[in-house]
Amino acid sequence: MSPQKIAIIGAGLGGAAAGALLQRAGFSVDVFEQADAFSRLGAGIHMGPNVMKIFRRLGIEDAVARLGSQPDFWLSRDGASGDYFSRIPLGDFARREYGAAYVTIHRGDLHELQIAALQPGTLHFDKRLTEIEDDGAGVDLTFADGTRHRADIVVGADGINSRIREALLGPEKPNYSGWVAHRALIPGATLEAAGIAVEPCVKWWTDDRHMMAYYTTSTRNEYYFVTGVPHPAWEFDGNSVPASREEMHEAFAGYHPVVQGLIASADEISKWPLLNRNPLPLWSRGRMVLLGDACHPMKPHMAQGAAMAIEDGAMLARCLAETGLSDFATGFQLYEANRRERASRVQAVSNANTWLRTQEDPAWVFGYDIYEHALGSDAAA
Ligand code: FAD
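Remember, predicted model here, so these are calculated numbers, not experimental data.

The rules behind the values
- Residues numbered from 1 in each chain as written.
- Predicted model: local features only at pLDDT ≥ 70, side-chain atom pairs only at ≥ 80, totals over all residues.
- Heavy atoms only, no water.
- Helix = DSSP H or I, 4+ residues; strand = E, 2+ residues; numbered from the N terminus.
- Rg over C-alpha atoms; globule rule 2.2 N^0.38 Å.
- Buried < 20%, exposed > 50% of the residue type's maximum accessible area, 1.4 Å probe, protein only.
- Contact = heavy atoms within 4.5 Å.
- Areas by Shrake-Rupley, 256 points an atom, 1.4 Å probe, with all protein chains shown as cover.
- Lys, Arg positive; Asp, Glu negative; His and termini not counted.
- Charge placed at Lys NZ, Arg CZ, Asp CG, Glu CD.
- Polar contact = N/O pair within 3.5 Å; in protein donor to acceptor, adjacent residues only side chain to side chain.
- Near = heavy atom within 4 Å.
- Nonpolar A, V, L, I, M, F, W, Y, C, P; charged D, E, K, R; others polar.

1. Quick notes on the overall build of the protein
Across its full length, the protein carries 12 helices and 19 strands. Computed over C-alpha atoms, the radius of gyration of the protein comes to 21 Å, within 12% of the 21 Å expected from 2.2 N^0.38 for 381 residues, which places it in the range of a compact globule. Principal axes of the C-alpha set define a box for the protein whose edges measure 65 × 45 × 35 Å. With 381 residues in all, the protein has 57% of them scored as buried. Of the contacts made within the protein by residues no fewer than 6 positions apart, 73% connect residues no fewer than 24 positions apart. Summed over its atoms, the accessible surface of the protein is roughly 15700 Å², and 48% of this surface lies on carbon and sulfur atoms. Positive and negative side-chain charges in the protein, numbering 35 and 47 respectively, have mean positions lying 2 Å apart.

2. Some remarks on the side chain of S270
Relative to the helices and strands, S270 resides in strand β17 (residues 269–276). Separated by 2.9 Å, the side chains of S270 and W272 make a polar contact. If near-sequence neighbours (up to four positions away) are discounted, S270 is found in contact with A181, H182, R183, V241, P242 and A243.

3. A closer look at the site of the ligand
As a structural note, the neighbourhood of the ligand is formed by 31 residues, with G14, E33, R107, D293 and A306 the closest of them. A distance of 3.1 Å is found between a nitrogen atom of the ligand and a backbone nitrogen or oxygen belonging to A303. Between the ligand and A307, the relevant distance is 3.1 Å, taken from an oxygen atom to a main-chain nitrogen or oxygen of the residue. Coverage of the ligand by the protein chains reaches 86% of its 1000 Å² of free accessible surface. Contributions of two or more residues to the shell around the ligand are made by α1 (13–24), β3 (44–47), β12 (175–187) and α10 (305–323). The element best represented in the shell around the ligand is α10, accounting for four residues. A per-class count over the shell around the ligand returns 14 nonpolar, 10 polar and seven charged.

These values are about where atoms sit, not about what they do.
So this is what it looks like as structure tokens:
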């Protein structure tokens, strides 16, 4: 009898983590990705101690920590006056109290390390899933290039416009939140030359908008900002469009000189719609299961969306290791029972955009260790 096979659709941060963790748990896993390659796109990302503890299992924790920046604090400041609203201790405090480092890193650098953790030959590029059929005994997948694959179970890690979510729940566009995000990377040397004194990890806030800014490398040769700005409708085609410095100066009129300096120093700025969905009524059906943005997309203001996708992957691997693939149905139930509450809570806080604005205790997020969490069959995560 051939070994039972898992197919993962999507090799984003969630799919890559799920694939590598399921492989380490002994399963036969193939990952199918629609892109024909990954490039170092211009964005940064936070990885909290809750995720770094998962990267420890994948053998990439040290590499992520070495490559990325490790801020001593998350600072929240009044966008106009510059007054400090909060100084959330990270750095040594995070390593000691939460059990791992807090890292900000270039998204492409992180993704590359995660992809390298997959078994060679198991990631298949240029495979856009178009059709999926669960016949009760297995799942048939058809890709845009006409090739097919049969698997015992399928994991939908295919992002906010998930084809697997559509197979489970029918077609439905995500909600446009009414906010856009501007993103830009700025060479550290440009900021130095302009005399702009930046802080390693800081969020500048006013009532309805903000700018989050941080280093993406340990050498501090790259700085990144990402915003949240109200915008009535996403009237553009595609996932993102170029934005101008003028438009940003207008959106951030009255903001602190450091913010003005960052905008003036940005050569290439992109603008993204912020999308989300209401919590889904189900996470799996038959032989198909969802994780990450396919399952619980959120506005990115807590910097935990990818973290939840990676935690999902870790929990799914843990539950299937517990039940075995023959009893995947119990494994899927266990997975949802141990993920739904935590993922939904993070989704709600992230959408509300309140995280760390005041001197709150982030231990419930950063201190969480998925491997220490006692599995409950109908328990809250
Ligand atoms: P995705 O990253 O969307 O990956 C899905 C993959 O599936 C893609 O590679 C896609 O090409 C592939 N795919 C899609 N459809 C198909 C198909 N039919 N066939 C085959 N492949 C397919 N999160 C954090 O944790 N920290 C942060 O600092 C942070 N900052 C953010 C800033 C912004 C502006 C935004 C928009 C998001 C941010 N997030 C952050 C959230 C994070 O980016 C997402 O939550 C995360 O990428 C979700 O991972 P995923 O693997 O579920 O989905």
